[in-house]
Amino acid sequence: LNIMCRRPSFIRRFSSSFAVAMWPTKQQQPTATSTSHYSISASASSNGGIIDSTSSSSDDLYESHTHEKVYLPAKSIVVTLAMCVTLPFLIGYFGPLLVLRGLGVVPIVCQGTIMSSSSVALPPQDVTVPKASNEERLPIPTVYEGKHVPLTLYTSKMFPSAGSATSNTVQIDRSSSAFQVKSKISDSNVISQNVSNQQEIVESSFDIGEKGEESNDNPHNSDFDGHLPAGQHLLVDIKNVDSEFLNSEHRLATAMVELITESQLTLLSYHCHSLLPIGVSCAGVLLESHVAFHTWPSEGVIVMDLFTCGSGKLIPILPLIKQLFGVGAEREDLEEPVLNWSHKLRGFREGFVPDYDPTRNPLDSDTGRFVTGRLQDDIKLPVLSASTDFQTVDVYELMDPTTRNVNNFYKSLEDDGSYESLHPEHFGPNRVLLLDGVIQSTLFGDAPYHESIVHPAMITHPNPKRVAIIGGGEGATLREILKHSTVEQAVMIEIDEGVVSLSKDYLPEWQDCSSIAHHKGRDAWCFNDTRADARFEDAMAYFTDNFSPKQDDTDDDSESPYEVIVMDCLDPNDNVEFAEFLYTSDTYIQSLYHALTDDGILVVQVGASPKVDQAADETGGFVNRSEMMKKLNEYGFKSIHIYDESHSGFFASWSTLLAFKDAETRERWYRSSAEIELDLSRRILPTKEGKSSLRYFDGATMKGYQVPGKQFEAVYCRQEEQPQECNDKLLNGSSSYSPVLERHAIH
């Protein structure tokens, strides 16, 4: 171009020469004697320009015809441009392909939103890799209706692998026609699993959001939540899955896209590999984070993990995951698919989520730590997740492989005359009740916990007729009190009637009084017992209004005092404001004192037992427990005793506190096991067969409660102002509570 622009004579000579050389007419054909230069005639005729061959030089010819015009045929222009475009394109397209293939790299060929390539390594000759037909093209993810998806930059890098037969990448379809996807699932799911002894169908309503409240219709579409450094991680393992399904990249990808769509998430892209000799691995990038799975077709196993950083709920989609990925084999002799799962909260919420309260999020409490966060359980079924006017209520069925064998459980469901089938009650899963995410009771620990909190005080009192229960909404504390023949009235003050109703439906064993129902005035449902008096009101207000010291001079004497009061409600270490009032309120504790008869006994469950190397309660996590003991001593209780039970079904030994209003009643605490057994046989209502209706408590168990453990003494002596008896055990303590003197005194 530089030469041509400087020498216009060259342009004209080239143009004329090129035109004549390409399209010469018959009259213009060069002769054998002609030179290689052609010139254009100056005279115009009806036949157009006449080409005249001469032997003169082209420069001389040009000088003599500077006034002539040049005519360039259109064909020459078109052909020249076509060659200039086509030749570079062919070189630019095929050149890199040849170079890349020489380096052993297979480029990806784009076809719409699906990009696919075959692996560089060829499969072994004895392995047949089926090719996907046009009908089996992988599904394209779309945008959920009404959801805003920001523009994203897609970057990928492919690596050659000898273990991959095919490789496919699929991008989201952002076209307007794709914005019609609506979810089919709701916050309520019906789960049918034969995991209980009755093989019942359990209706579950999953209402657990990030803060325990119901979320919106599109819970993952929160721009604010999506940018928080926090999320949820769901891990799922499924076995006994159909091998053909696990080896089908198309079916697995379709299930993944449907799962994400139904979960109201957004799948930006995903990448799948069909592996050699069998198996599939897929990973998807979500607007909210990621999803991935891997399959072992020969073993019938698929493992999956789903992470989202929004506030939407993941546990409710477990039935959908089992439906989509738990595809059973067609053969009837094969086992049904089994799903194991774990759910964990990830990242950081406190300090990032405005007004975040972990105590109001069940998944940030016992529910997450001891139930949903465990992957090793052979059975983990969400039976119930609901909300009452006061709290969240969750019920799970669990089977820990370290305590029970799932194969024995399945055998107990058969009618084959085996020991398991004849005694199914010994092989079923555990059932756990959680209120606001805190474990309240378990099926396996029901009898040890409720019998240990009720019967030691009841059998110590010489004649308990009127008994009050604070809390105890599941009904098991009432059940145990009604087993005493001396009881004439059992008043249960529970603020949340919803817990009683839900427990009746989902925890029937807790309210089952059928063992004593044959006695007069009794009923199979404890709340129908003529002695039961359930009052759904605020217990603190009830006692302060009826038994406050200010009420002594009034004429209102409608409420009689109680021989025994059992406080079975919040743990003292619960990080909720109400728990602090319950254990430290002066007015309330004074009211409890005045609500007892002169020989009355106050029973309080005071949370997990301390460890032997634990700090004093007053400086540790049990400040409320320490404060309550001080106030009980201050307001007149003559003796305070504490004991623990290690079989309550919690993940620690559990402590119970007894406060005696007089010292004489305390003397009955130290009776021999034989004396206690005799008293129990006279007091406890027997079953129809004449046996004791107690399942755990007896005289020997009572003897184990009489002296507090070493850990209570160790923690007691670590107080900032160390009691004198810690250094000299012969001294008498000034407090009504002294585990040191209890442990070293002779009873």
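All of these numbers come straight from a predicted model, not from anything done at the bench. (Residues numbered from 1 in each chain as written. Predicted model: local features only at pLDDT ≥ 70, side-chain atom pairs only at ≥ 80, totals over all residues. Heavy atoms only, no water.)

**Concerning the pattern of salt bridges**
What the rule picks out here adds up to 22 salt bridges. For D446, the salt bridge identified is with R695, shortest N-O distance 3.0 Å. Residue D446 is found in helix α11 (residues 446-460), and its partner R695 is found in the loop between α19 (673-683) and α20 (699-705); the two are separated by 249 residues along the sequence. The exposure class of R695 is exposed, given its relative accessible area of 54%. Linking K483 and E480 is a salt bridge whose minimum nitrogen-to-oxygen distance equals 3.1 Å. Each of the salt bridges in this network shares a partner with another, and the network as a whole consists of D446, R479, E480, K483 and R695. (Salt bridge = Lys/Arg side-chain N within 4 Å of Asp/Glu carboxyl O. Helix = DSSP H or I, 4+ residues; strand = E, 2+ residues; numbered from the N terminus. Buried < 20%, exposed > 50% of the residue type's maximum accessible area, 1.4 Å probe, protein only.)

**Comments concerning the sheet that holds strand β14 (residues 379-387)**
The strands that make up a sheet pair up through hydrogen bonds in the backbone, lying either parallel or antiparallel. On the basis of which strands lie adjacent, the open sheet formed by 4 strands has the order β14-β15-β16-β17 and antiparallel pairing. For this open sheet the edge positions go to β14 and β17 (438-442), each flanked by a neighbour on one side alone. In this sheet, adjacent strand axes meet at a mean angle of 25 degrees when their direction is disregarded. Here strand β15 (residues 392-399) runs beside strand β16 (residues 430-435); their pairing, made up of 6 bridges, is antiparallel. Bridged to L398 within β16 is N430. (Pairing = 2+ DSSP bridges. Axes fitted to C-alpha atoms, helices over the stretch in contact; angles between N-to-C directions.)

**Some details on the confidence of the model for the protein**
Per-residue pLDDT for the protein averages 80, and the proportion of residues at 70 or more is 76%. At the level of individual helices and strands, the protein shows its lowest average pLDDT in strand β7 (residues 201-205), which scores 32, and its highest in helix α12 (residues 476-481), which scores 98. In the predicted structure, residues 1-8 sits below a pLDDT of 50 and forms 3 contacts with residues beyond four places in sequence or in another chain. Segment residues 177-226 is flagged for pLDDT under 50; beyond a separation of four residues in sequence, or across chains, it makes 134 contacts in the model. (pLDDT = per-residue confidence, 0-100. Contact = heavy atoms within 4.5 Å.)

**Some thoughts on the packing of helix α14 (residues 539-547) against helix α16 (residues 586-594)**
Axis separation between α14 and α16 bottoms out at 8 Å; the angle between their running directions is 60 degrees. As for how α14 packs across α16, the hand of that crossing is left-handed. On α16, the residues touching A539, M540, F543, T544 and F547 of α14 are T587, Y588, S591, L592 and H594. (Left-handed = near helix turned anticlockwise from the far one by under 90°.)

**Some thoughts on the environment of L443**
Examined against the element boundaries, L443 turns out to sit in the loop between β17 and α11. Each C-alpha atom of the pair L443 and S648 lies 9.5 Å from the other, and the pair is 205 residues apart in sequence. L443 has contacts with P429, N430, R431, E509 and W510, leaving out every residue within four places of it along the chain.

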